[in-house]
Amino acid sequence: MGDARRFLGIGECMVELSPEGQGLFRKGFAGDVFNTLWYAARALGPQWQVEFLTGLGTDALSDEFRAFAAAAGVSCAGAPRLAGRTLGLYMIHLRQGERSFSYWRDSSAARAMMTAPGQVAARLEGAEVIYLTGITLAILPHRDACALLAQVEAVRGAGAVVAFDPNIRPRLWDDPARMRALIERAARTATIVLPSHEDEAAAFGDADPAATAARYGALGCGHVVVKNGAAAVVTRIDGASAEHPVTPVARVVDSTAAGDSFNAAYLAEFLASRDDAAAVRAGGVQAARTISARGALVDTAPGR
Ligand code: ADP
C-alpha cells in the first residue's frame, strides 16, 4: 500500500436513525463526503487508496463506523481519535410521508478534528486528490475551517488535485456573508469545483448554470462542473463552456446522494482518462442508479 495513489476526503459522517415503525429505528451512517468516498472506492481502480479524514472518538460506536467504512474500502486509519467525543447523530421522523430531522451534532468528534492539526497536515501530505465540501467547512469552528483551508492550499501548491463541492446548506452557517466568503476561498483553492446550480442560485443569485460556472471561473477556478438535477450539466474548463444533456430518470425513488455519487464517478473517470465528457457521462450514470433506489449508499453494479 506504500505507493498507492491516495484519494482523501475530509468531512463528517453521522449516525442515522431511520424509523422502522412501532418505535424502532434502524442505525446507519451518512454524510456527504463519506457518501462520495463510498462510491469512489468502487469507481477508482485498485491502485488507489481511499481515505476518510474526520474526527472519531475512542468508543465502540467509532470503532463500528471504522469497520463499516473499511468494509466499503474506505480507510479511517489516519483520522484523529478524540477521547470524550463521538459521531454526531440525526434521527429521521416520518409524518404523513414527509421527512423531518432532529440533530445531535454540535459536539461531534468531526467538529473537533482540527484540535489535532499536525495529524491532519500529515494526512494531507502526499495525497494525490483531496476532496472536501461546504459542509466540511460549515461544521468546523470558523478558525479551524480557515486553518484547514490554509493546509489544503499548501498541498495544492505541491501539486495535489483539490476537488470541492460547495454543497451549500445555509442552515449550517450562522452568517451568510461568512458562508459565501469561505465557499469562495475554498473554490479559489480548488482545482475542480462541482456545484449544484439550485444551491448556488439561492446563495449567490445565479440566473442559470452558465452563470454559476462563470462566477467560479471568475474566481480563478479553471475546471467547473455545474450539476442541475435532471437538466443538463454545464462545464467550464479553461474558459471553454459545454452543455451535457442528462437523461431524466423515469421514477426517482430517493434523490439522496445524487450529487455525492455523481462527484465520485466524475472524478474517478476524469482521473483515469482526463476526458471531461466521459466523466460527466459516468457521473450521470452513477447518479441515475443512486436515485433509482432507497438510501444514500446504493449497492448496484453495472447491469444488475
Ligand atoms: P444534489 O444531490 O447535489 O442536489 P443534483 O440534484 O443537481 O445534485 O443532481 C446531481 C446529478 O444527479 C445531476 O447532474 C444528474 O446527473 C443526476 N440527476 C439528478 N436528478 C436526476 C433525474 N431526475 N434524472 C436523472 N438524473 C438526475
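As a reminder, the structure under discussion sits directly above these lines.
All values derive from a computational prediction rather than experimental measurement.

A. Representation of the overall build of the chain. A count of helices and strands for the chain gives ten helices and 13 strands. In terms of overall dimensions, the chain is globule-like: its C-alpha atoms have a radius of gyration of 18 Å, near the 19 Å expected for 304 residues. Dimensions of the chain, computed from the C-alpha atoms along their principal axes, are close to 50 × 45 × 40 Å. Taking contacts inside the chain between residues at least 6 apart in sequence as the whole, the part at least 24 apart equals 67%. Working note: accessible area of the chain is about 13600 Å², and carbon and sulfur atoms make up 51% of it. Taking the average place of the 30 positive charges on the side chains of the chain and the average place of its 32 negative ones, the gap between the two points comes to 3 Å.

B. Spotlight on the packing of helix H3 (residues 117-124) against helix H5 (residues 142-157). The geometry of H3 relative to H5 is characterised by a closest axis approach of 10 Å and an angle of 30° between their N-to-C directions. Viewed along their axes, H3 and H5 adopt a mutual orientation that is roughly parallel. Read as a crossing pair, H3 and H5 show a hand that is right-handed. Counting all contacts with H3, which are made through Pro117, Val120, Ala121 and Leu124, the residues of H5 involved are Leu148, Gln151, Val152 and Val155. Each residue belonging to the contact of H3 with H5 can be placed in one class, and the counts come to seven nonpolar, one polar and no charged.

C. Spotlight on the site of the ligand. Taken together, 17 residues sit near the ligand, with Ser196, Gly229, Val249, Gly259 and Ala287 positioned nearest. Within the contact set of the ligand, an oxygen atom lies 2.9 Å away from a side-chain nitrogen or oxygen of Ser196. At a separation of 2.9 Å, an oxygen atom of the ligand approaches a polar backbone atom of Gly229. Taken together, the elements giving at least two residues each to the shell around the ligand come down to helix H9 (258-273) and helix H10 (276-291). Looking at the shell around the ligand residue by residue, the class counts come to ten nonpolar, six polar and one charged.

D. Quick look at empty space enclosed by the protein. Taken as a whole and assessed by the stated rule, the structure comprises one cavity of 30 Å³ or more. Roughly 40 Å³ of internal volume is contained in the largest cavity. Lining the largest cavity we find 13 residues, and of these Cys13, Thr54, Gly55, Leu87 and Ala110 sit closest to its centre. Its residues assigned to classes, the lining of the largest cavity comprises seven nonpolar, five polar and one charged.

E. Expanded view of the packing of aromatic side chains. Following the criterion strictly, the structure yields 13 aromatic pairs and no others. Ring centres of Phe7 and Trp48 lie 6.4 Å apart, and the angle between their planes is 75°; this geometry places the pair in the edge-to-face category. Placement of the pair is Phe7 in strand E1 (residues 5-10) and Trp48 in strand E4 (residues 48-53), with a sequence separation of 41 residues. Seen from their ring centres, Phe52 and Phe65 are 6.1 Å apart, and the 70° between their planes marks the pair as edge-to-face. Of this pair, Phe52 sits in strand E4 while Phe65 sits in helix H2 (residues 60-71), placing them 13 residues apart in sequence. Comparing Phe52 with Phe65 shows no difference in burial state: the two are buried.

Scoring rules and cut-offs
Residues numbered from 1 in each chain as written. Predicted model: local features only at pLDDT ≥ 70, side-chain atom pairs only at ≥ 80, totals over all residues. Heavy atoms only, no water. Helix = DSSP H or I, 4+ residues; strand = E, 2+ residues; numbered from the N terminus. Rg over C-alpha atoms; globule rule 2.2 N^0.38 Å. Contact = heavy atoms within 4.5 Å. Areas by Shrake-Rupley, 256 points an atom, 1.4 Å probe, with all protein chains shown as cover. Lys, Arg positive; Asp, Glu negative; His and termini not counted. Charge placed at Lys NZ, Arg CZ, Asp CG, Glu CD. Axes fitted to C-alpha atoms, helices over the stretch in contact; angles between N-to-C directions. Parallel < 35°, antiparallel > 145°, perpendicular 65-115°, else oblique. Left-handed = near helix turned anticlockwise from the far one by under 90°. Nonpolar A, V, L, I, M, F, W, Y, C, P; charged D, E, K, R; others polar. Near = heavy atom within 4 Å. Polar contact = N/O pair within 3.5 Å; in protein donor to acceptor, adjacent residues only side chain to side chain. 1 Å grid on protein atoms, 1.4 Å probe; cavity = no way out; pocket = protein on both sides within 12 Å on 5 of 7 lines; lining within 4 Å. Points joined across faces, edges and corners; volume = space filled by probe spheres on them. Phe/Tyr/Trp six-rings, centres within 6.5 Å; stacked < 30°, edge-to-face > 60°. Buried < 20%, exposed > 50% of the residue type's maximum accessible area, 1.4 Å probe, protein only.

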